[in-house]
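As a plain string of letters, each chain reads:
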Amino acid sequence: MSLLLLLPKFSTPTSCFNFVPPPPQVTIRPHALRCYHSPPSISTPEATLTNIVNSGVIACLRAQSPDVALEAARAAITAGISVLEIVVSTPGVFEVLHQVVQDFPTTTLGVGTVLNTKDAENAKNAGAKFITSPAIVKDILDQESDDLLYIPGVMTPTEILSSYNAGAKIVKVYPVSAIGGVQYIATLKKPFPHIPMVASQGITTDSVGAYIDGGASAVVLSDAIFDKKAISERNFTAIYHLAQLAALQGNAAVKRKEKIYPG
Ligand SMILES: *[C@@H]1O[C@H](CO)[C@@H](O)[C@H](O)[C@H]1NC(C)=O
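Just so it is clear, the structure is predicted and the values come from calculations on it, not from any experiment.

Engineer: Please clarify how the packing of helix 2 (residues 66–78) against helix 3 (residues 93–103) should be interpreted in this entry.
Structural biologist: The description of two packed helices rests on the angle between their axes and on the distance between the axes. Closest axis-to-axis distance for the helix 2/helix 3 pair is 10 Å, and the angle between their directions is 30 degrees. It follows from the interaxial angle that helix 2 and helix 3 lie roughly parallel. You can see that helix 2 and helix 3 cross each other, and the crossing is right-handed. The segment helix 2 lies against helix 3, with Pro66, Ala69, Leu70, Ala73, Arg74 and Ile77 engaging Val96, Gln99, Val100 and Asp103. Partitioning the contact of helix 2 with helix 3 into residue classes produces seven nonpolar, one polar and two charged.

Here it is as structure tokens:
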């Protein structure tokens, strides 16, 4: 067998992360030198959706520097978080994401606050399995993807239904705390029991169960895990403990729901 076959797949995407040089004895085609890609992992938007629903919690990380983002992500995942998104405004977001994908290949990783197709593409190339927006970004929604789950942000019944009809498999109700919290989600689930909803904005760890009982498929936790003070002080032990608590709350709520609605 040629040594070439043992190398990770190379391709020619638009951006590059962590180029890993090939062993010196191997010659590779010049165009292949441009970029290093992770080995393809089998995952569909449906599988990603299942992972999100089984987790009950999406940890949402924003940080002021790439190294803080990386350490905070590691702390949260080590503590039991299985779905995590990094907000696109985090410096070096795609490089950080790519590194976390390498370190934790079984974690479901995504990019948050994506507002255009360019960042969506960069997220995908970095290894993101999902992207979220605070609003419906029509260009992203219209671009059907075989390997990236898009979660548009919605607020009204009309936005929920039009996103769903345009192909969204799940929507993010945002900003949920500002518009009624658990009660708002529970009310929306009455006409739309078939549309999976993520609740997002201002949610605390102790209300994860109430949101999931109220019909949310999952909740986004940001400051509740990545506490602003802990992040600014680089207290990753504090983040570890907050993440552990959040993961436990998510698991408990999902288990309870499975008991009530088995299968
Ligand atoms: C980190 O946070 C924990 C509580 O969450 C606290 O007990 C500890 O003292 C903090 N560590 C530092 C170095 O500030």
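Engineer: Explanation requested: the packing of aromatic side chains in the structure shown.
Structural biologist: The geometry of an aromatic ring pair is captured by the separation of the ring centres together with the interplanar angle, meaning the angle of the planes. The full count for this structure, using the stated rule, is zero aromatic pairs. Directly above the ring of Tyr174 sits Lys172, whose terminal nitrogen or CZ lies 5.2 Å from the centroid.

Engineer: Explain the pattern of salt bridges here, please?
Structural biologist: Where charged atoms of side chains with opposite charge meet at close range, the side chains can pair. Under the criterion given, the structure shown has eight salt bridges. Across the salt bridge formed by Asp142 and Lys138, the nearest N and O atoms sit 2.7 Å from each other. Of this pair, Asp142 and Lys138 both sit in helix 5 (residues 138–142), four residues apart, which is roughly one turn of the helix. Given a relative accessible area of 56%, Lys138 falls into the exposed group. One salt-bridge network, in which partners are shared between bridges, spans Glu71, Arg74 and Asp103.

Engineer: Sorry if this is basic, but what is going on with the sheet that holds strand 4 (residues 130–132) here?
Structural biologist: Hydrogen bonds between backbone groups are what pair the strands of a sheet, and the pairing can be parallel or antiparallel. Within the open sheet, the nine strands sit side by side as 5-4-3-2-1-9-8-7-6. Their pairing is parallel. Looking at the sheet topology across the chains shown, the edges are occupied by strand 5 (149–151) and strand 6 (153–154). Here strand 4 pairs with strand 5 via three bridges, running parallel. By the bridge assignment, Phe130 is partnered in strand 5 with Leu149.

Engineer: Help me out: how do you make sense of helix 3 in this one?
Structural biologist: Residues spaced three or four apart along an α-helix face the same direction, because each turn holds 3.6 residues. By the burial criterion, the buried members of helix 3 are Val93, Phe94, Val96, Leu97, His98, Val100 and Val101. Looking at the buried residues of helix 3, the elements they touch are helix 2, strand 2 (83–87), strand 3 (108–112) and helix 4 (117–126).

Engineer: Mind showing me how you'd approach the confidence of the model for the protein chain here?
Structural biologist: As a note on interpretation, predicted positions should not be read in detail where pLDDT is low. Mean pLDDT over the protein chain works out to 88, with 84% of the residues at or above the 70 mark. Scored below 50 in pLDDT, residues 1–36 shows 52 contacts in the model against residues more than four places distant or in partner chains.

Engineer: So what exactly am I meant to see when it comes to the nonpolar core here?
Structural biologist: Side chains that are nonpolar tend, in soluble globular proteins, to be buried together. Counting 67 residues, the largest nonpolar core has Ile81, Leu84, Ile225 and Phe226 as its most contacted members. The element contributing the most residues to this core is helix 2, with eight residues. Contact partners of Leu84, with chain neighbours within four places excluded, come to Ala59, Ala73, Ala76, Ile77, Thr108, Leu109, Gly110, Phe130 and Phe226. In terms of nonpolar packing, the next biggest core, distinct from the first, is built from 13 residues, Leu49, Cys60, Ala218 and Val220 among them.

Engineer: Any chance you could explain the environment of Thr107 here in plain terms?
Structural biologist: As for its placement among the helices and strands, Thr107 is situated in the loop between helix 3 and strand 3. On the basis of relative accessible area, Thr107 is assigned to the buried category, the value being 12%. As for Thr107 and Leu84, which are separated by 23 residues in sequence, their C-alpha atoms are 7.7 Å apart. When near neighbours in sequence (up to four residues on either side) are disregarded, Thr107 contacts Ile77, Ile81, Ser82 and Val83.

Engineer: In this structure, what is going on with unusual backbone geometry? I would like to understand it.
Structural biologist: Peptide bonds are, in most cases, trans, and in most cases residues other than glycine have a negative phi. At the junction of Tyr174 and Pro175, the peptide bond is cis and its omega measures out at 0 degrees in the coordinates. Looking at the secondary structure, you find Pro175 in the loop between strand 7 (171–173) and helix 7 (181–189). The backbone of Gln201 shows a phi angle near 110 degrees, a positive value even though the residue is not glycine. Mapped onto the fold, Gln201 is located in the loop between strand 8 (197–199) and helix 8 (208–213).

Reading the values: the criteria
- For every chain, the first residue of its written sequence is number 1, and the numbers climb from 1 along that sequence.
- Per-residue local features of the predicted model are confined to residues with pLDDT of at least 70, and side-chain atom pairs are confined, for both listing and counting, to 80 or more; whole-chain, interface and lining totals are unaffected and use all residues.
- For the side-chain quantities, the full set of heavy atoms in the structure was used; hydrogens and water were omitted.
- A fitted line through C-alpha atoms serves as each axis, taken over the contacting stretch for helices, and the angle formed by two N-to-C directions is quoted from 0 to 180°.
- Secondary structure elements are defined from DSSP: runs of H or I of at least 4 residues count as helices, runs of E of at least 2 residues count as strands, and each element is numbered from the N terminus.
- Throughout, the term roughly parallel applies to angles under 35 degrees, roughly antiparallel to angles over 145, roughly perpendicular to angles from 65 to 115, and oblique to all others.
- Left-handed describes a crossing whose near helix is turned anticlockwise from the far helix through less than a right angle; right-handed describes the clockwise counterpart.
- Whether two residues are in contact is decided by their heavy atoms, any of which lying within 4.5 Å being enough.
- Only Asp, Glu, Lys and Arg are considered charged in this grouping, and only Ala, Val, Leu, Ile, Met, Phe, Trp, Tyr, Cys and Pro are considered nonpolar; every other residue, Gly among them, is considered polar.
- A pair of aromatic rings is counted whenever rings of Phe, Tyr or Trp (Trp by its six-membered ring) have centres within 6.5 Å, and the orientation is called stacked for planes under 30 degrees apart, edge-to-face for over 60 and tilted otherwise.
- For a lysine, the NZ atom is tested; for an arginine, the CZ atom; a charge sits over a ring if that atom is within 6 Å of the ring centre and within 35 degrees of the ring normal.
- Take a side-chain nitrogen of Lys or Arg and a carboxyl oxygen of Asp or Glu: if they are within 4 Å of each other, that pair is a salt bridge.
- Think of it in three bands: with a 1.4 Å probe and only protein chains considered, a residue is buried below 20% of the maximum accessible area for its type, exposed above 50%, and partly exposed in between.
- Two strands pair under a simple rule: DSSP has to find at least two bridges between them.
- Residue-level confidence of the predictor, termed pLDDT, takes values from 0 up to 100.
- For our purposes a nonpolar core is just a set of buried Ala, Val, Leu, Ile, Met, Phe, Trp, Tyr and Cys residues, chained together by side-chain atoms within 4.5 Å.

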